[in-house]
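Tertiary structure, described
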Amino acid sequence: PLAMGAGFGAGLALALASSAFIGGSFVLKKKGLLRLCGRARAGQGGHAYLREWLWWAGLLCMGVGEAANFAAYAFAPATLVTPLGALSVLVSAVLSSIFLNEQLNVHGKIGCILSILGSTVMVIHAPQEEEVSSLESMAEKLKDPGFIVFAVCVLVSSLLLIFVAGPRYGQSNVLVYVLVCSAIGSLSVSCVKGLGIALKELFSGKPVLKEPLGWVLLVCLVICISVQINYLNKALDIFSTSVVTPIYYVLFTTAVMTCSAVLFKEWQHLVLDNIIGSISGFLTIVSGIFLLHAFRDMPFTPSLLPLFLQPARADPHPPWSTADRHQSCQHQPLLPSEDKGSQSAEEEEEEEG
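Residues numbered from 1 in each chain as written. Predicted model: local features only at pLDDT ≥ 70, side-chain atom pairs only at ≥ 80, totals over all residues. Heavy atoms only, no water.

1. Thoughts on the pattern of salt bridges
Close approach of charged atoms allows side chains with opposite charge to pair. In plain terms, the rule: Definition used for salt bridges: Asp or Glu carboxyl oxygen within 4 Å of a side-chain nitrogen of Lys or Arg. For each residue, the accessible area found with a 1.4 Å probe, counting protein chains only, is set against the maximum for its type, and the residue is called buried under 20%, exposed over 50%, and partly exposed in between.
A full pass over the atoms with the stated rule returns one salt bridge. In this structure, the salt-bridge partner of Glu-201 is Lys-206, at a minimum N-O distance of 3.9 Å. Residue class for Glu-201 comes out buried when judged on its relative accessible area of 6%.

Below, the structure written as structure tokens:
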């Protein structure tokens, strides 16, 4: 059953606040960049945006959002926090259409609705992880044979993708570098979860700084994030953003949910309807993100609608009544004009004979 206590509620609120701040930060920074009239823009190597307070406000919102997302992992299951990160894309799309006059077509609006519905379903059916309230219990979880096997598989597969598949297929297959980011990202979320627990103990007065596990998790987190940023930038440099972003979200979220299930046993005590609800909510969010990104540059005109949904044409008569294109079958000759001419000539010859 769901544990809708103070901790779960705090984690949910922090995850939603994180999405709002991160989504708004993109709009604020874009607004600040657009105000650089006549000055050297960032794309031209300039740094005039450092004088714009809107850009700094966007950077501050980004920092607050990331901090809230970091704190959310200390209170709520990673299976809930990670999928809710998709709402930042929704917030950014809606605010861009309002303040930046960027068009949000029908596909984008449907994607926003699907993302909201999927997030709601996931919140209702979110799994409850086992209690991990101290670094000691976190250390016991990390020693679990199942997690050790999972971590070894992630590291080996990532090394194979980097050194074997990368040089051969990295320039032509989008999955190579995105899989590296997603697999390593699942381990980084586990490190974030452990550091969040360490910070909670630190604020409660425990001597956490003397524990080696906290420092190990911090070093592992820095390494994982560095690898993620490196290979995500490679994927974005080679392939289109509209292709990389949905695929990365799906693979990264799937990897995080798998890692959390192995490490924290989040799905162990769930009933069947909550499992189906969580998976359905996640797939609904995936559909919404796909619609938001894959069709955002596609114009939606009335001509794409079925004929019975298209608006009335300017010509009051239906197109089948125009004489130059479609004549009525009752007024058309049964034979073509050439055949009719030859037939009349034959009749005249018979009469003369």
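2. Digging into the layout of surface pockets
Worth spelling out the cut-off: Grid points spaced at 1 Å and placed over the protein atoms alone form the basis of the search, with a cavity being a set where a 1.4 Å probe fits but cannot get out and a pocket an open set showing protein on both sides within 12 Å along at least five of seven lines. Lining residues have an atom within 4 Å of a point. Grid points are joined across faces, edges and corners, and a volume is the space filled by probe spheres set on the points. Every helix listed is a DSSP run of H or I at least four residues long, and every strand listed is a run of E at least two residues long, numbered separately from the N terminus. Put simply, Ala, Val, Leu, Ile, Met, Phe, Trp, Tyr, Cys and Pro go in the nonpolar bin, Asp, Glu, Lys and Arg in the charged bin, and everything else, Gly too, in the polar bin.
When its volume is computed, the second largest pocket comes out at roughly 400 Å³. Lining of the second largest pocket is provided by 19 residues; of these, Leu-155, Leu-187, Cys-191, Cys-220 and Cys-224 occupy positions nearest its centre. Mapped by element, the contributors of at least two residues to the lining of the second largest pocket are helix H6 (135–142), helix H7 (145–169), helix H8 (175–203) and helix H9 (212–238). Ranked by residue count, the leading element in the lining of the second largest pocket is H9, at seven residues. Looking at side-chain class alone, the lining of the second largest pocket contains 17 nonpolar, two polar and no charged residues.

3. Quick look at the nonpolar core
We count it as follows: Buried Ala, Val, Leu, Ile, Met, Phe, Trp, Tyr and Cys residues form a nonpolar core when they are joined through side-chain atoms within 4.5 Å. Boundaries of every domain are those given by an automatic assignment or by a domain database. Residue contacts are counted whenever heavy atoms from the two residues lie within 4.5 Å of one another.
By size, the foremost hydrophobic cluster in this structure holds 57 residues, and its most contacted members are Leu-80, Leu-84, Phe-147 and Leu-187. The dominant element in this core, judged by the number of residues it contributes, is H8, at 14 residues. Each of domain 1 (1–102) and domain 2 (129–268) gives at least three residues to this core. Once residues within four sequence positions are removed from consideration, Leu-187 is found in contact with Phe-147, Phe-150, Ala-151, Val-154, Leu-155 and Cys-224. Core analysis: the next-biggest nonpolar cluster, separate from the first, contains 10 residues, Ala-86, Tyr-249, Met-257 and Trp-267 among them.

4. Some words on the packing of aromatic side chains
Condition: The pairing test for Phe, Tyr and Trp rings, Trp by its six-membered ring, is centres within 6.5 Å, and the orientation test on the planes gives stacked under 30 degrees, edge-to-face over 60, and tilted for anything in between.
Under the definition given, this model contains three aromatic pairs. Where Tyr-177 meets Tyr-231, the ring centres are 5.7 Å apart and the plane angle is 35°; that geometry is what we call tilted. A residue pair is termed long-range when its members are at least 10 positions apart, and Tyr-177 in helix H8 and Tyr-231 in helix H9 qualify at 54 residues. According to the relative accessible area criterion, Tyr-177 is buried, its value standing at 8%.

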